[in-house]
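# Secondary and tertiary structure notes
One-letter residues, chain by chain:
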Amino acid sequence: MKSRLLCLLGPTAVGKTEIAIQLTQRLNAEIVSVDSRQIYRQMDIGTAKPTSDEQQAARHHLIDCIDISQPFSVADYQSLVDTAIADIQNRGKQVLLVGGAGLYFRAVVDGLFEGPDADTALRERLEQEAAQHGVNVLHERLRACDPASAERIHPNNVVRVIRALEVYELTGTPMSEHQQQWHRENQRYPFTAFCLTMPRALLYQRIEQRVDVMLANGLIAEVESLLAAGYARDSAALRSFGYKELIAYLDGEWTYLEAVEQLKRNTRRFAKRQLTWFRKDTRIDWVDRNATPDIVAYLLGKIEGMS
């Protein structure tokens, strides 16, 4: 039987990294990142990647693995994460999954919904529609036929919007319904999962403070360096929040203040989607960080009680 995974989940800016590092030191554990953006090299400030000091304090896996221009899917992540988990467990260490990417977490513990094979003609038609009329038109169409998927998928994530529409058109069933049928039927690893939370107003305040710190630490210079290196503005990585807003500013589409406000708003919305995703999984134990004075001791107590 596979060893039990420990998982520390939660929305952006809730403070997962600090707590995770303390847990690794008490549990002889290594961290496996459950993040869809920290896996890219050179995207450091905008993804709130653990600092070099933090990475020295605890070994991290699945950070800085791929180039921004490299195609990367959830299936690719699943393959990398299985290798990392096997490596950690073979060395007698505890695996601690840490992050906020709900789909990536599900890929680890439950596997992937494969769905129908891609239909090249259909996909090309949808891509042309997105190019001509904007992805928001496709996102609204998705909202009409599969509101659950539309809620989870950001309108700017063209690849996932098109895939969800493709699944619906090919099967006549929303992708979210397919995923509900697939979810948990063949759990891949035993696990114990905690999701950190705090009052929404406090979380949003922390998000806005984090954005201010990122900007002070050189986020604009990071974006400029990525563009100067020739990375495409429409790559999946650079379409993510923290980068697309500042690219719009550098391109003259928004003022600096408009870009910052959009970045803060998009980050708040992202955190809300993360919480919505995790709330649907009844296997996750929720922990209010703000109401738990010594959260590391609390988590250790809960872990010991489950062993």
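Now for a quick tour of the structure. None of these values were measured; they are calculated from a predicted model.

## Quick notes on the pattern of salt bridges
One pass over the structure, following the stated rule, counts 20 salt bridges. Between arginine 59 and glutamate 30 there is a salt bridge, with the nearest N and O atoms lying 4.0 Å from each other. With arginine 59 in the loop between helix H2 (52-57) and strand E3 (60-61) and glutamate 30 in strand E2 (residues 29-34), this pair connects stretches of sequence that are 29 residues apart. When the shortest N-O distance is used, the salt bridge between arginine 91 and aspartate 87 registers 3.0 Å. What you see here is one network of salt bridges that share partners, running through Glu30, Arg59, Asp87 and Arg91.

## Things to note about the packing of aromatic side chains
Applying the stated criterion across every chain, the model contains 5 aromatic pairs. Seen from their ring centres, phenylalanine 241 and phenylalanine 270 are 4.7 Å apart, and the 40° between their planes marks the pair as tilted. Taken together, the positions of phenylalanine 241 in the loop between helix H11 (219-228) and helix H12 (244-250) and phenylalanine 270 in helix H13 (residues 256-279) put the pair 29 residues apart, joining distant regions of the chain. The class for phenylalanine 241 is buried, based on a relative accessible area of 13%. Residue phenylalanine 270 is classed as partly exposed on the basis of its relative accessible area, which comes to 23%. One aromatic cluster in this structure is built from Phe105, Phe191 and Phe278. Arginine 37 extends its terminal NZ or CZ atom over the ring of phenylalanine 241, reaching a point 4.1 Å from the ring centre.

## Thoughts on the environment of isoleucine 207
Tracing the backbone shows isoleucine 207 in helix H10 (residues 200-216). For the pair formed by isoleucine 207 and alanine 13, sequence separation is 194 residues and the distance between their alpha carbons is 5.6 Å. Once you skip the residues sitting within four places of it in the chain, isoleucine 207 turns out to touch Thr12, Ala13, Lys264, Thr267, Arg268 and Ala271.

## Quick notes on a positive patch on the surface
A surface patch of positive charge is lined by Arg200, Arg269, Lys272 and Arg279. The biggest single contributor to the positive patch is H13, with 3 residues. What makes arginine 269 partly exposed here is its relative accessible area of 44%.

## Thoughts on the packing of helix H1 (residues 16-27) against helix H14 (residues 295-306)
Packing of H1 against H14 leaves a shortest axis separation of 10 Å and a crossing angle of 50°. Accordingly, the angle class assigned to the pair H1 and H14 is oblique. Note that H1 runs across H14; the crossing there is right-handed. Touching Ile19, Gln22, Leu23, Arg26 and Leu27 of H1 are Ile295, Val296, Leu299, Leu300 and Ile303, all from H14. Its residues assigned to classes, the contact of H1 with H14 shows 8 nonpolar, 1 polar and 1 charged.

## Digging into the sheet that holds strand E5 (residues 191-197)
Judged by pairing direction, the sheet is parallel, and its 6 strands sit side by side in the order E3-E2-E4-E1-E5-E6 without closing on themselves. Each edge of the open sheet is held by one strand with a lone partner, namely E3 and strand E6 (284-288). Lying over the sheet, H1 contacts strand E1 (5-9), E2, E3, strand E4 (94-99) and E5, oriented at roughly 175° with respect to E4. Helix-sheet contacts for H14 involve E1, E5 and E6, and the interaxial angle to E5 is about 155°.

## Structural notes on the state of the cysteines
Counted according to the given criterion, the structure contains 0 disulfides. Of all cysteine sulfurs in the structure, the one in cysteine 7 sits closest to cysteine 65, which takes part in no disulfide; the separation is 18 Å. Given a relative accessible area of 31%, cysteine 65 falls into the partly exposed group.

## Here's the deal with the side chain of arginine 273
Mapping arginine 273 onto the fold places it in helix H13. Contacts of arginine 273, omitting those with residues within four sequence positions, involve Glu151, Arg152 and His154.

## Observations regarding the environment of alanine 193
Checked against the element boundaries, alanine 193 lands in strand E5. As for alanine 193 and proline 293, which are separated by 100 residues in sequence, their C-alpha atoms are 20 Å apart. Leave out the neighbours within four places in its chain, and alanine 193 touches Cys7, Leu9, Phe105, Arg283, Ile284 and Asp285.

## A short note on helix H8 (residues 158-171)
Its 14 residues give H8 an end-to-end C-alpha distance of 20 Å, which sits within 8% of 20 Å, the value for a rise of 1.5 Å per residue. Listed in full, the buried residues belonging to H8 are Val161, Ile162, Arg163, Ala164, Leu165, Glu166 and Val167. Positive phi appears at glycine 172, one or two residues downstream of H8, with a value of about 80°.

## Focus: the pairing of E4
Within E4, 5 of the 6 residues are buried, leaving the element largely enclosed by the surrounding structure. With 4 bridges joining them, E1 and E4 adopt parallel strand pairing. When the sheet's bridge partners are listed, cysteine 7 is paired in E4 with leucine 97. By the bridge criterion, 6 bridges tie E2 to E4 in an arrangement that is parallel. Within E4, the position partnered with alanine 29 by the bridge is glutamine 94.

What counts as what
Residues numbered from 1 in each chain as written. Predicted model: local features only at pLDDT ≥ 70, side-chain atom pairs only at ≥ 80, totals over all residues. Heavy atoms only, no water. Salt bridge = Lys/Arg side-chain N within 4 Å of Asp/Glu carboxyl O. Helix = DSSP H or I, 4+ residues; strand = E, 2+ residues; numbered from the N terminus. Phe/Tyr/Trp six-rings, centres within 6.5 Å; stacked < 30°, edge-to-face > 60°. Buried < 20%, exposed > 50% of the residue type's maximum accessible area, 1.4 Å probe, protein only. Lys NZ or Arg CZ within 6 Å of the ring centre and 35° of its normal. Contact = heavy atoms within 4.5 Å. Patch = residues over 30% accessible without salt bridge, like charges linked within 9 Å, V, L, I, M, F, W, Y side chains within 5 Å. Areas by Shrake-Rupley, 256 points an atom, 1.4 Å probe, with all protein chains shown as cover. Lys, Arg positive; Asp, Glu negative; His and termini not counted. Charge placed at Lys NZ, Arg CZ, Asp CG, Glu CD. Axes fitted to C-alpha atoms, helices over the stretch in contact; angles between N-to-C directions. Parallel < 35°, antiparallel > 145°, perpendicular 65-115°, else oblique. Left-handed = near helix turned anticlockwise from the far one by under 90°. Nonpolar A, V, L, I, M, F, W, Y, C, P; charged D, E, K, R; others polar. Pairing = 2+ DSSP bridges. Disulfide = S-S within 2.5 Å. Expected span 1.5 Å × (residues − 1).

These results come straight from atomic positions and should not be treated as a statement about function.
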